[in-house]
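# Fold and contact review
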Amino acid sequence: MKVAKFGGSSLSNATQIKKVASIVQSDKDIKTIVVSAPGKRRDDDVKVTDMLIALCTNKIAGLDTEEALTEILMRYKSIVEELSIDSSLLDNFESILRDYLNTIEDNDYLLDALKSRGEDFNAQLISAYFNSLGISAKYVSPEEAGIRVTNTPANARLLPSSYDEINKLKDYPEDVLVIPGFYGIADNGNIVTFARGGSDITGAIIARGIGADIYENYTDESHIYAAHPGIIEEPYKIEEITYREMRELAYAGFGIFHDEALEPLYQEKIPVMIRNTNEPHIEGTKIVPERKLNPDIPVIGFSCDEGFTSISLHKYLLNKEIGFTRRILQILEDYQISYEHMPSGIDDISIIMRSNQFENNNSLDKIIEEIDLQLEPEWIEVEEDLSLLFIVGLGMARQIGIVSRVTAALAEEKVNIRMMNQGSTEYSMMFAIQTKDHEPSIRALFKEFF
Ligand SMILES: Nc1ncnc2c1ncn2[C@@H]1O[C@H](COP(=O)(O)OP(=O)(O)O)[C@@H](O)[C@H]1O
Ligand SMILES: N[C@@H](CC(=O)OP(=O)(O)O)C(=O)O
């Protein structure tokens with residue numbers, strides 16, 4: 001039994017949805033599909049999720065919402081018309097959006113409720129289309145499926161008790177269930193979305209809940225590559241990658257699969273297949289618990305994510321001051337800021353955080369003031385335009401010379417390494433670099449290792 005998740009690129013228009021129907025028709029093992037909102041049809045297009053966010057932004061700013069609302073409805077209208085399904089669905093979509101805009105007062109919950117409709121409307125129309133083709137299909141909302149989550153807008157976490165309810169999906173008589181991805185329901189009935197790209201998380205949760213043998217993740221690439229295909233022209237195709245390796249690479253920019261989606265699968269050792277809706281005959285990349293290592297290829301991939309800020313401080317005898325790190329972390333906690341890494345020396349320490357946490361507020365300035373006041377460092381330096389470069393591979397463990405190959409390749413490209421970190425397992429290294437060096441670094445490393 002399989003769960004298949006189709007991403008926005010697989011559902012961006014009627015032509016893509018027809019391909020999805022033929023994949024489902026030709027594989028009787030696919031019992032449940034999880035769908036995203038319509039994605040980009042071309043490079044310069046806008047994802048429906050982003051259109052819904054723009055609608056919400058206009059509402060909150062007190063601007064006109066009619067134009068944004070009409071554009072969203074037009075995206076669905078063109079799909080409904082081309083698939084020749086009941087157009088009364090569209091009236092229903094419109095009244096739901098208007099109802100949310102008029103009745104949800106809290107901005108964070110309004111945003112989540114609106115964002116969730118991208119996948120919800122798509123699931124409804126895909127289920128209607130499947131039935132029109134003679135596929136016995138049923139739309140199942142996350143509420144009905146039992147996806148209960150924490151009441152944390154834009155950052156839902158599954159309540160583990162959900163799995164028992166989700167398991168009951170196996171008892172539905174229909175051949176295919178169609179479930180919208182990206183959101184769940186909090187105990188108070190609020191709609192709460194996962195982080196961006198979170199339909200992968202829903203797919204993984206459903207796969208685990210029903211005990212699927214395999215979770216297929218359909219997208220617009222046939223493989224996971226060793227580096228972003230937008231940077232390297234002919235990247236190395238990864239056939240098998242472990243959950244651990246994928247988690248590191250997904251965390252740092254391999255947008256093809258969400259890093260949080262691995263946790264539910266990892267627990268039950270459910271393998272993931274990355275497959276291409278446009279080339280479904282290709283087997284794709286498999287994410288598995290263990291893989292056979294190739295001694296000639298110690299590194300499996302490089303990824304780099306932009307948008308980090310570091311606060312570095314120096315204080316003589318910092319290493320002797322008990323509670324110094326705890327006090328810094330307490331200040332971050334007071335401002336609800338999470339940190340990603342904390343490289344340190346004997347007299348200095350750096351804290352690396354995602355910069356988007358400081359958007360729309362001046363908490364960075366306040367944190368610095370607070371650190372200055374409470375910890376009295378000799379100096380504090382803030383660097384706002386950092387990227388984190390990850391080099392990952394289980395084959396790197398206990399291999400001599402990997403760091404020297406990495407640093408030599410970066411030095412050749414004149415890349416200044418601002419900070420570095422290697423875990424004791426030795427299968428992942430992190431380098432903080434300036435964002436302008438992102439793409440040259442990936443190209444240099446790819447040349448060195450592949
Ligand atoms: N290492 C990688 N291998 C393959 N694709 C990658 C990699 N890193 C980033 N990507 C990008 O991930 C995209 C697919 O993810 P996404 O846009 O979320 O798809 P979907 O809309 O199908 O969920 C690809 O188009 C590709 O540009
Ligand atoms: N539509 C949501 C969730 C998602 O997973 O989308 P996609 O499958 O297109 O990455 C987003 O854009 O964040």
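Sequence order sets the numbering: in each chain, residues are counted from 1 along the sequence as written. As a convention, the first chain written is A and the first ligand written is 1, with the rest following in written order. Since the coordinates come from a predicted model, pLDDT governs what is reported: local features require at least 70, and pairs of side-chain atoms require 80 or more to be given and counted, while whole-chain, interface and lining totals use all residues. Note that water and hydrogens are dropped before the side-chain values are worked out from all heavy atoms of the structure.

Before going further, it helps to examine the site of ligand 2. Consider each residue's heavy atoms; a residue with any of them within 4 Å of a molecule or strand counts as near. Looking at ligand 2, the residues that line it are K5, G7, G8, S36, K47, T49, E119, F182, R196, G197, G198 and S199. Contact between ligand 2 and K47: an oxygen atom at 2.9 Å from a side-chain N or O atom of the residue. Taking G198, its main chain carries an N or O atom lying 3.4 Å from an oxygen atom of ligand 2. Considering ligand 2 on its own, with 340 Å² of exposed area, one finds that the protein chains cover 89% of that surface. Three classes are used: nonpolar for Ala, Val, Leu, Ile, Met, Phe, Trp, Tyr, Cys and Pro, charged for Asp, Glu, Lys and Arg, and polar for all others, with Gly counted as polar. Split into classes, the residues belonging to the shell around ligand 2 amount to 1 nonpolar, 7 polar and 4 charged. Here a polar contact means two N or O atoms within 3.5 Å. Within protein one must be a hydrogen donor candidate and the other an acceptor candidate, and residues neighboring in sequence count only if both atoms are side-chain atoms. For accessible areas, the Shrake-Rupley method is used with a probe of radius 1.4 Å. Any residue's cover is judged against the shown protein chains and nothing else.

This part is about the site of ligand 1. In the region of ligand 1, 16 residues are neighbours, and G8, S9, T219, D220 and Y225 sit closest. For ligand 1, an oxygen atom lies 2.7 Å from a polar atom in the side chain of S9. Take Y225: an N or O atom from its main chain is 3.0 Å from a nitrogen atom of ligand 1. Residue composition of the shell around ligand 1, by class: 6 nonpolar, 7 polar and 3 charged.

Here we take up the UniProt feature "domain: ACT" (unreviewed entry) in the protein. Those residues carrying the UniProt feature "domain: ACT" (unreviewed entry) are residues 391–450 in this numbering. Each helix is a run of DSSP H or I of at least 4 residues and each strand a run of E of at least 2, with the numbering of both proceeding from the N terminus. Secondary structure over residues 391–450 splits into 38% helix and 22% strand, and the C-alpha atoms at its two ends are 13 Å apart. UniProt positions are given in the numbering used here, feature names are shortened, and annotations may be inferred rather than shown by experiment.

Let us look at the sheet that holds strand β6 (residues 183–186). A pair of strands is treated as paired once DSSP finds two or more bridges between them. Sheet architecture is open: 3 strands sit in the order β4-β6-β7, paired in mixed fashion. What marks the edges here is a single partner per strand, and that holds for β4 (148–149) and β7 (191–193). Throughout, a residue-residue contact means that at least one pair of heavy atoms, one from each residue, lies within 4.5 Å. To obtain an axis, a line is fitted to C-alpha atoms, over the contacting stretch when the element is a helix, and the angle between two such axes runs from 0 to 180 degrees between their N-to-C directions. Along the sheet, helix α5 (residues 107–132) makes contact with β6 and β7, crossing β7 at roughly 75°.

So, about helix α3 (residues 66–82). Here, expected helix span is obtained from the residue count minus one, scaled by 1.5 Å. Taking 1.5 Å per residue as the helical rise, α3 with its 17 residues ought to reach 24 Å, and the 24 Å between its terminal C-alpha atoms agrees with that figure. Lining the buried residues of α3 we find α1 (14–26), α2 (48–60), α4 (88–103) and α5.

With that settled, the discussion passes to the packing of α2 against α3. The geometry of a pair of packed helices is captured by two quantities: the angle between their axes and the separation between those axes. Between α2 and α3, whose axes approach to 9 Å, the crossing angle comes to 160°. In this view, α2 runs roughly antiparallel relative to α3, as classed from their interaxial angle. For the pair α2 and α3, the sense of crossing is left-handed. Residues V48, M51, L52, L55 and N58 of α2 form the contact with α3, whose participating residues are A68, L69, E71, I72, R75 and Y76. Considering only residue class, the contact of α2 with α3 consists of 8 nonpolar, 1 polar and 2 charged. Comment on the angle field: the value is read as roughly parallel under 35 degrees, roughly antiparallel over 145, roughly perpendicular from 65 to 115, and oblique elsewhere. With the far helix as reference, a near helix turned anticlockwise by less than a right angle produces a left-handed crossing, and one turned clockwise produces a right-handed crossing.

Moving on to the packing of aromatic side chains. A pair of Phe, Tyr and Trp rings is counted when the ring centres sit within 6.5 Å of each other, with Trp represented by its six-membered ring. The angle between the planes then sorts it: under 30 degrees is stacked, over 60 is edge-to-face, the rest tilted. On inspection of all chains with the given rule, the structure shows 11 aromatic pairs. Their ring planes at 80° and their centres at 5.6 Å tell us that Y251 and F390 sit as a pair that is edge-to-face. Of this pair, Y251 sits in helix α9 (residues 243–251) while F390 is found in strand β16 (residues 379–392), placing the two residues 139 residues apart along the sequence. Exposure class is identical for Y251 and F390. Each is buried. Burial classes follow relative accessibility: with a 1.4 Å probe on protein chains only, a residue under 20% of its type's maximum area counts as buried, one over 50% as exposed, and anything between as partly exposed.

Take the nonpolar core next. Only buried Ala, Val, Leu, Ile, Met, Phe, Trp, Tyr and Cys residues count toward a nonpolar core, and they belong to the same one when joined by side-chain atoms within 4.5 Å. Counting residues in hydrophobic clusters, the biggest one holds 53 residues, and the most contacted among them are L169, Y215, I224, M246, F257, L265 and I287. When residues of this core are traced back to their parent elements, those giving at least two are α7 (162–167), β5 (176–180), α8 (199–210), α9, α10 (262–268), β12 (272–276), β16 and β18 (428–434). The element best represented in this core is α8, accounting for 6 residues. Counting 51 residues, the second largest nonpolar core, distinct from the first, contains V48, M51, I85 and A113.

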